[in-house]
Structures are given as structure tokens and as C-alpha cells.
Amino acid sequence: MTGVPASAAGGPSAAKGGPAGAVSGAAPGPAPSAPSDVVSGTAAVVPGVGVVAGAAAEADSDAKPARGKKIAAAAVNQASVWNIANLLTMLRLLLVPGFVALMLADGGYDPAWRSFAWAAFAIAMITDLFDGHLARTYNLVTDFGKIADPIADKAIMGAALICLSGLGDLPWWVTIVILGRELGITLLRFLVIRYGVIPASRGGKLKTLSQGIAVGMYILALTGWLATARFWVMAVAVVLTVVTGLDYVRQAIVLRRQGIAEREAALEETEA
């Protein structure tokens, strides 16, 4: 019995000390890394999510102002239709039926009503001078103005010429020549617009001025030398109408030839 080794006798205490030794031995060593890795991994993921979420929030905040700017720009473009130049064009369009009513009132030969009709015609012609100038000077050019302005011009002039011819004050051939030229040149502009724009010439502006003066003189119930003078003013207007019309046709032909030549040259370059 006394020969039992001390190690055997201390076995239970050693056994008990085994785990303690393991624990005490583990104390100075590094702690298990798995839980810390999991925790640290979670910590790494969370900030990442925060960065992604922050970037998404910034992108969303950037997208919202962009959408807002587009909506604001669209609103400005829509509001620009109601600028002073377009309002003058609308006024000229509204004056057309009023002018016709005044021109034909009381059989169309009452000097007082003809004076009122002349006033409406004069306002329409004056606004025609200002709306285009305002649109170009203050950058108020809109698609509506590009379409409505020439329509208003042709409408007031056509209404005056037709009323005068219908009342027997102006030969029908004059009305046909002037309106035929205006409508023909307008159509010609649309046909060659793919090749370029035919600019307004000084002759064309002088034609418009002479037409306005001549038609205005015919609207008024003039007598004596003024009645004779208006005949010659109208003759000048008709001559300018024909001459400038032929000049526009010449410019359209030249513009079309240049456009075709440029397209052919560009096509040859691409093929080469």
C-alpha cells in the first residue's frame, strides 16, 4: 500500500487539476477566434451596409433634384408660350373676325364702319412689326410663334383683300396674285426646309410694307387724289409681290442644288 506511486495517489487531484491546468494553460494563450471573427465579421458587414445605404440615399437625393429640374424646365418652357410676342400674335388672330365684321357692317360702304375696320387692320399690321422683333431680341421664339405668326399675317391680309374684292373696290386678279404668291412661297419654304432656310430679304419687307399701306388706303373711303394715289401704291405692291416671289423661287432652286451637292459629297466621303 505504501508503494503506490505518489502520482497515482495524486491522480484525482491531477484529474481535477487537468481541466484547471487546461484553463490556466489557456489563459495566457490567445482566445478562441471564432466568436470574435463572427462578431468582427458582423461589424464589418454593418458598416458596409451603411456605406451602401448612404450611397443609395445620396443617389436618390441627386436623382430627385434632377427630376425636379426637368419638371421646372418643362414648366418654364410651357409658360414661355404666354410671352408678349405670342400674345401680340394671338391678338392679331382675334382681330381677323372683328375686322371682317366691321368691314362688312351696314353693307360695307359706310365710311364710319370702314374707319373702324381700318383701325383694326392698322393695329394688326403694327403688331406684326413688333412681335417678331420682340421674339428675336428677347429670345422669346417658340414653336407656337413660328407657326402662328405667318398664319396671322396671311389671315389679316387675306381677309382684307377678299372683303375689298367682294365689295367691288379691288379687282379679283389683284387678290389672286397677292394671295397666290403668299401661299406659294409659304409652301415653297416648307419644301426646301430640309436643305436650309430662305432668309427674308429687304425686297420682301418692302413688299409687306407696300401691301399694308395700299390695302389700308383701299379700306378707307377715300376720294379725290387720294383715291388715285392708292391705285398707284397698289400697283407698286403688286409689282413687288411678283418680283420678290420670283426671287424666292430662284433662292429655293439654288438652295436645293447646294443641299443635294453637299449630300452627294458627304456620301462619296463615307464610301471612300
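The sections below set out a description of the structure shown in this document. Note that the coordinates shown come from a computational prediction; the quantities given were computed from them, not determined experimentally. (Residues numbered from 1 in each chain as written. Predicted model: local features only at pLDDT ≥ 70, side-chain atom pairs only at ≥ 80, totals over all residues. Heavy atoms only, no water.)

## Topic: the overall build of the chain
In step 1: Within the chain one finds nine helices and zero strands.
In step 2: In the chain, the succession of α and β elements from N to C terminus is α-α-α-α-α-α-α-α-α.
In step 3: Buried residues in the chain amount to 28% of all 272 residues.
In step 4: Sequence-distant contacts in the chain: of pairs separated by 6 or more residues, those separated by 24 or more amount to 74%.
In step 5: Here the chain displays about 17,200 Å² of accessible surface, and carbon together with sulfur accounts for 72% of that area. (Helix = DSSP H or I, 4+ residues; strand = E, 2+ residues; numbered from the N terminus. Buried < 20%, exposed > 50% of the residue type's maximum accessible area, 1.4 Å probe, protein only. Contact = heavy atoms within 4.5 Å. Areas by Shrake-Rupley, 256 points an atom, 1.4 Å probe, with all protein chains shown as cover.)

## Some words on helix α7 (residues 172-192)
For an α-helix, the turn length of 3.6 residues means that residues three or four places apart are oriented alike.
In step 1: Helix length check: α7 (21 residues) gives 30 Å between terminal C-alpha atoms against 30 Å at 1.5 Å per residue, within 8%.
In step 2: All buried positions along α7 are accounted for by Val174, Thr175, Ile178, Leu179, Arg181, Glu182, Ile185 and Val192.
In step 3: If you follow the buried residues of α7, they end up packed against α6 (143-166), α8 (202-219) and α9 (225-271). (Expected span 1.5 Å × (residues − 1).)

## Some details on the side chain of asparagine 86
In step 1: Within the element layout of this structure, asparagine 86 appears in helix α4 (residues 84-104).
In step 2: Taking relative accessible area as the criterion, asparagine 86 reaches 3% and is therefore assigned buried.
In step 3: Side chain to side chain, asparagine 86 and threonine 142 meet in a polar contact 2.9 Å long.
In step 4: Non-local contacts of asparagine 86, meaning those with residues more than four positions away in its chain, are made with Ser80, Val81, Thr142, Phe144 and Gly145. (Polar contact = N/O pair within 3.5 Å; in protein donor to acceptor, adjacent residues only side chain to side chain.)

## Re the packing of helix α5 (residues 111-137) against α6
In step 1: One can describe the packing of α5 onto α6 by two numbers: an axis separation of 11 Å at closest approach and a directional angle of 155°. The pairing of α5 with α6 is recorded here as roughly antiparallel in orientation. In the packing of α5 onto α6, the handedness of the crossing is left-handed. In this structure, α5 contributes Arg114, Phe121, Ala124, Met125, Asp128 and Asp131 to the contact, and α6 contributes Asp149, Asp153, Ile156, Met157, Ala160 and Leu164. (Axes fitted to C-alpha atoms, helices over the stretch in contact; angles between N-to-C directions. Parallel < 35°, antiparallel > 145°, perpendicular 65-115°, else oblique. Left-handed = near helix turned anticlockwise from the far one by under 90°.)

## What to know about the pattern of salt bridges
In step 1: Counted under the stated rule, the structure contains eight salt bridges.
In step 2: Each of Arg92, Asp128, Asp131, Asp149 and Asp153 takes part in a single network of salt bridges with overlapping partners. (Salt bridge = Lys/Arg side-chain N within 4 Å of Asp/Glu carboxyl O.)

## Some words on the environment of isoleucine 126
In step 1: Its location among the elements puts isoleucine 126 in helix α5.
In step 2: Note on isoleucine 126: relative accessible area 45%, which makes it partly exposed.

## Some remarks on a nonpolar patch on the surface
In step 1: Where nonpolar side chains cluster on the molecular surface, the patch consists of Trp82, Ile84 and Leu87 and spans about 330 Å² of accessible area.
In step 2: Tracing the chain through its elements places leucine 87 in helix α4.
In step 3: You can call leucine 87 partly exposed: its relative accessible area is 37%. (Patch = residues over 30% accessible without salt bridge, like charges linked within 9 Å, V, L, I, M, F, W, Y side chains within 5 Å.)

## What to know about the packing of aromatic side chains
In step 1: In total, this model carries three aromatic pairs according to the counting rule given.
In step 2: Arranged with centres 6.0 Å apart and planes meeting at 45°, the rings of phenylalanine 99 and phenylalanine 121 form a pair that is tilted. Here phenylalanine 99, found in helix α4, pairs with phenylalanine 121, found in helix α5; they are 22 residues apart in sequence, far enough to count as distant. Per residue, the accessibility class of phenylalanine 99 equals that of phenylalanine 121, and both read buried.
In step 3: Ring geometry for phenylalanine 231 against tryptophan 232: centres 5.2 Å apart, planes inclined by 80°, an arrangement best described as edge-to-face.
In step 4: Looking at arginine 230, its charged tip hangs above the ring of tyrosine 218, at a distance of 4.6 Å from the centre. (Phe/Tyr/Trp six-rings, centres within 6.5 Å; stacked < 30°, edge-to-face > 60°. Lys NZ or Arg CZ within 6 Å of the ring centre and 35° of its normal.)

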